[in-house]
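Spelled out, the chains give:
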Amino acid sequence: MVKRKFISTRLLENGMRIDQAIVDGAGRSLIAKGAYLDDFQIEYLQTKGVNGVYIREGEEDQEEVIIPLYTQEVIAKTRVEDRTKVKLSESVRQRVGEGIQYLYNNTSEDSFAEATTNITNELMNAIFENDAIAVDVGMLKVSDEYTFKHSVDVATIAMVIGKQYGLNNEQIREIGIAGLLHDVGKSKIPNEILNKPGRLDDDEFALMKQHSLFGFQIIKEKEMFSDGIMRGVLQHHEKINGAGYPLGVEADKIHTYAKIISVADIYDALVTDRPYKSAFSKRDAVEMIMAMTRELDMKAMTSFLESVILYSVDSIVQLSNGEKAKVVENNPKYLLRPKVVGIQSGKVYDLAGDLNCASIIIL
């Protein structure tokens, strides 16, 4: 059961969940409602003279959905298991979480390359031990700290996209390393800029845009990483139309690894809460990526769309016609439009294949 409690900012602790939005004078969100507070945000609230805030305690109750017998029979007849997804055991999550924190905090250590390889091997094993061909980002959490979680998410998503793209095993391993290290240059960016709960000014943004170059320099000095890995780190913010950074190169100059990591990076950033923005829904994030045809490589985008599962089989969704439904089958070509069964009606809605369902969407 969730409780809302007002607490003095002097008593706030790292990890508490805020139950109100903190906005500036222009109405811009500085800390999103529902965000888990870190030390920087707590210090920010205290220094700005905020006396207290509402926090959220407890877990949200899951609504119980009772499925009539006739609907259960329809579900049993139409249900098709999801494609095999990446699964990280609790022990793997712990090792990967500790490993990625070590990497970002010890970029100058001699063991940097070895630690990177060890983490990548853990992710490779998770993907290949059950021949995973899809990923559900909601299942990947390894840390509450954004940079670490984001790096593992991007590496894992990029490796699965790479598999769909047709990369060989060694290339998939390399893109995993590049994904893990794509933001390592942020270790050279001051924390007050990294964690600023608001829009960066022009000078701050110019410095932030250098993080991919800083990351390239860090791993180049190791003299142990391939050209592809280094270019994946350097170019992951480049766009095929030349509108990216830090070099502003176009499609033919951008490495395949960077094209794939770019898609994974954008998607994971969109669906993750940050101090300055609330997370987009997975559906909205996918639609935003689908609209970026002038900026993202089409093969990388298509491979991504065919690798991500938004609505796992057996999940309950709300349809735009007012009915709740249970997902019974996903179509990798149309990830936004699975086959579902109405809970109360027992009706099968093939959102991708039935023209009568063309006007129905999942909310």
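See the structure printed just above.
Calculation notes
Residues numbered from 1 in each chain as written. Predicted model: local features only at pLDDT ≥ 70, side-chain atom pairs only at ≥ 80, totals over all residues. Heavy atoms only, no water. Core = buried A, V, L, I, M, F, W, Y, C linked by side-chain atoms within 4.5 Å. Buried < 20%, exposed > 50% of the residue type's maximum accessible area, 1.4 Å probe, protein only. Helix = DSSP H or I, 4+ residues; strand = E, 2+ residues; numbered from the N terminus. Pairing = 2+ DSSP bridges. Axes fitted to C-alpha atoms, helices over the stretch in contact; angles between N-to-C directions. Expected span 1.5 Å × (residues − 1). Left-handed = near helix turned anticlockwise from the far one by under 90°. Contact = heavy atoms within 4.5 Å. Nonpolar A, V, L, I, M, F, W, Y, C, P; charged D, E, K, R; others polar.

1. Examining the nonpolar core
The biggest cluster of nonpolar side chains holds 76 residues, and the ones touching the most others in it are Leu181, Ile219, Phe225, Tyr267, Ile289 and Phe304. At 9 residues, helix 5 (residues 146-165) tops the list of elements feeding residues into this core. Residues Ile7, Met16, Ile31 and Ile42 belong to the second largest nonpolar core, which totals 14 residues.

2. A word on the sheet that holds strand 7 (residues 324-329)
Picture the strands of a sheet paired through backbone hydrogen bonds; they go either parallel or antiparallel. Taken in spatial order, the 4 strands of this open sheet run 6-7-8-9, and their pairing is antiparallel. Both outer strands of the open sheet, strand 6 (316-318) and strand 9 (348-350), are each paired with one neighbouring strand and no more. Neighbouring strand axes in the sheet, compared pairwise and without regard to direction, differ in orientation by 40° on average.

3. A short note on helix 3 (residues 90-105)
Working note: α-helix, 3.6 residues per turn, so residues spaced by three or four point in the same direction. Helix length check: helix 3, at 16 residues, gives a terminal C-alpha distance of 23 Å against a target of 22 Å (1.5 Å per residue), a fit within 8%. What helix 3 keeps buried is the set Val92, Arg93, Val96, Gly97, Gly99, Ile100, Leu103 and Tyr104.

4. Some thoughts on the sheet that holds strand 5 (residues 52-57)
If you walk across this open sheet you meet the 3 strands as 1-5-2, and the pairing is antiparallel. Two strands close off the open sheet at either side, each with one partner strand: strand 1 (3-8) and strand 2 (17-18). In this sheet, strand 5 lies alongside strand 2 in antiparallel orientation, the contact comprising 2 bridges. In the sheet register, Arg17 faces strand 5, and the bridge partner there is Arg56.

5. Looking at the packing of helix 11 (residues 256-270) against helix 12 (residues 282-290)
Where helix 11 meets helix 12, the axes come as close as 9 Å, and the angle between the chain directions of the two elements is 145°. Pair helix 11 / helix 12 crosses with right-handed handedness. Residues Val263, Ile266, Tyr267 and Leu270 of helix 11 pack against Lys282, Ala285, Val286, Met288 and Ile289 of helix 12. Of the residues assigned to the contact of helix 11 with helix 12, the class counts are 8 nonpolar, no polar and 1 charged.

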